[in-house]
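Report on the structure
Residue-level listing of the chains:
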Amino acid sequence: MILLARGLARLTTFLLLVALALAGAIAGFGSIGSGNGGVSLPGFARLLHLDRLEASTGELLGALESDGPIAILSALGGLGAIALGVFLLVGLLWPRRERLVVLRRDEAGLIAARRRPLGQVAEALAEQVGDVAAHRGRVRPARRGKPGGRLRVRATARESTDATRAAVERELEPLSDDLGLRTKVTLTGAQGVD
Amino acid sequence: MIDDPQPPAAEPDRPRSARERLSELAAQAALATEGVVGLYPSPVDVARPGATGVLCAERADGRYELRVQLAVKPVALRELGDRVRTAVAAAAAGDGLGDRLGPVDVYIRDIVPPGEVPA
């Protein structure tokens, strides 16, 4: 849920910034000219038919002010907008914590490692097998701070065979055994055949 | 960014607190451990030249909890973490601070390939 909120907050921020930039550009261009026609703010307003928009929104706003089903809908819409705002705020303000791979946790303390360098080591180990090029090594820590996790390596080989996959898995064993990781190797043939 | 393994700057004029001594001892012990390339500073490591890469916090029981952030060689990481914790505990005990030392957390922040200079 937090990931969704964070992604939505980023998308909303991007879209709002684009809208702000466009509005700024339009206002800037509109300020170049003077008068009511051509390149001027009144000219742009006429171009965008803002007078018609004002008329139609005026009717809508009038309907919202009166009692009835539209007022209930608008109240629900307002509540939804507040909920969406809170959701976006959570996505923006919720502290990010780097998920570490826990190697050991006991009364003497914690031994943990960052995911990225572990993934890079996994890629380097996979490439020890001839003709194998590792694209991506990713480590996903176990949930709730438990030791271990999962290691996933995507690689390409000239020929994607079980023997090559087994060879890559053997190369990864020192890392996966040391860290208590379950390994999954996805091997693709250079001709695009899995 | 990784600190060079160099001895901490001494400040003989000012009496050092247990927190500072433990931080410096932990930094020295970690750097002396085989497999450790350097200490990895955290954002709060400002004006602490002797213990960059070591965070020290006092616990309710009066002991100090340490977090040592390391850049290491590609070795068996769990064993390396154990060796660092043992070295820190031995250094603290040797300086008479064994009873002030709480849990020691070892965070491996970077793994430096052989022959590569830490960034």
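Note: the structure precedes this text.
Counting restarts for each chain, with residues numbered from 1 along the sequence as it is written. Each chain gets a letter, beginning with A, and each ligand a number, beginning with 1, in the order they are written. pLDDT decides what is reported in this predicted model: residues at 70 or higher carry local features, side-chain atom pairs at 80 or more are listed and counted, and totals for whole chains, interfaces and linings draw on all residues regardless. In computing side-chain values, all of the structure's heavy atoms are included and hydrogens and water are not.

The subject of this paragraph is the layout of surface pockets. Residues and elements named next belong to chain A. Taken as a whole, the largest pocket spans an internal volume of roughly 1,200 Å³. Around the largest pocket, the lining is made up of 31 residues, and of these Arg99, Arg115, Arg140, Pro141 and Arg143 lie nearest the centre. Those elements giving two or more residues to the lining of the largest pocket turn out to be α1 (2-30), β1 (101-106), β3 (132-141), β4 (149-157) and β5 (181-189). Residue classes in the lining of the largest pocket are distributed as 10 nonpolar, two polar and 19 charged. In the cavity and pocket records, a cavity denotes points on a 1 Å grid over the protein atoms alone where a 1.4 Å probe fits but cannot get out, a pocket denotes an open set with protein on both sides within 12 Å along at least 5 of 7 lines, and lining residues are residues with an atom within 4 Å of a point. Grid points are joined across faces, edges and corners, and a volume is the space filled by probe spheres set on the points. Here a helix means four or more residues in a row that DSSP labels H or I, a strand means two or more in a row labelled E, and each is numbered from the N terminus. Three categories are distinguished: nonpolar for Ala, Val, Leu, Ile, Met, Phe, Trp, Tyr, Cys and Pro, charged for Asp, Glu, Lys and Arg, and polar for the others, with Gly belonging to the last.

Now for the environment of Leu41 of chain A. All names here are of chain A. Looking at the secondary structure, you find Leu41 in helix α2 (residues 41-47). Here the alpha-carbon distance between Leu41 and Ala27, two residues 14 residues apart in the chain, equals 7.0 Å. In this analysis, two residues are considered to be in contact whenever any of their non-hydrogen atoms come within 4.5 Å of each other. For Leu41, the contacting residues outside a window of four places in its chain are Ile26, Ala27 and Gly30.

With that settled, the discussion passes to the packing of helix α5 (residues 115-126) of chain A against helix α6 (residues 162-179) of chain A. Residue and element names in this part refer to chain A. For every element, the axis is a line fit to its C-alpha atoms; helices are fit only across the contacting stretch, and the angle between N-to-C directions ranges from 0 to 180 degrees. Closest axis-to-axis distance for the α5/α6 pair is 8 Å, and the angle between their directions is 150 degrees. Judged on the interaxial angle alone, α6 and α5 are roughly antiparallel. Between α5 and α6 lies a crossing whose hand is right-handed. On the side of α5, the interface is formed by Leu118, Val121, Ala122, Leu125 and Ala126, while α6 contributes Val168, Glu171, Leu172, Leu175 and Leu179. Of the residues in the contact of α5 with α6, the class split is nine nonpolar, no polar and one charged. In these notes the angle categories are as follows: under 35 degrees is roughly parallel, over 145 is roughly antiparallel, 65 to 115 is roughly perpendicular, and the rest is oblique. Crossing handedness: left-handed means the near helix sits turned counterclockwise from the far one by under a right angle, and right-handed means the same turn made clockwise.

A few words now on the pairing of β5 of chain A. All names here are of chain A. In terms of strand pairing, β4 meets β5 through nine bridges, oriented parallel. Bridging across to β5, Gly149 finds its partner in Leu181. The crossover handedness rule: strands pointing away from the viewer, path from first strand over the helix to second strand clockwise, crossover right-handed. Read from β4 through α6 to β5, the crossover connection turns out right-handed. Strand pairing is defined by DSSP finding a minimum of two bridges between the two strands.

Here the focus is α1 of chain A. Residue and element names in this part refer to chain A. Given a helix with a known number of residues, its expected span is that number minus one, times 1.5 Å. Between its terminal C-alpha atoms α1 stretches 41 Å, which fits the 42 Å expected from 29 residues at 1.5 Å a residue. Three or more residues of α1 are buried, namely Ala5, Arg6, Ala9 and Gly30. On its buried face, α1 is in contact with α2 and α4 (69-93). Relative accessibility thresholds used throughout: buried, under 20% of the residue-type maximum; exposed, over 50%; partly exposed, between the two (1.4 Å probe, protein chains only).

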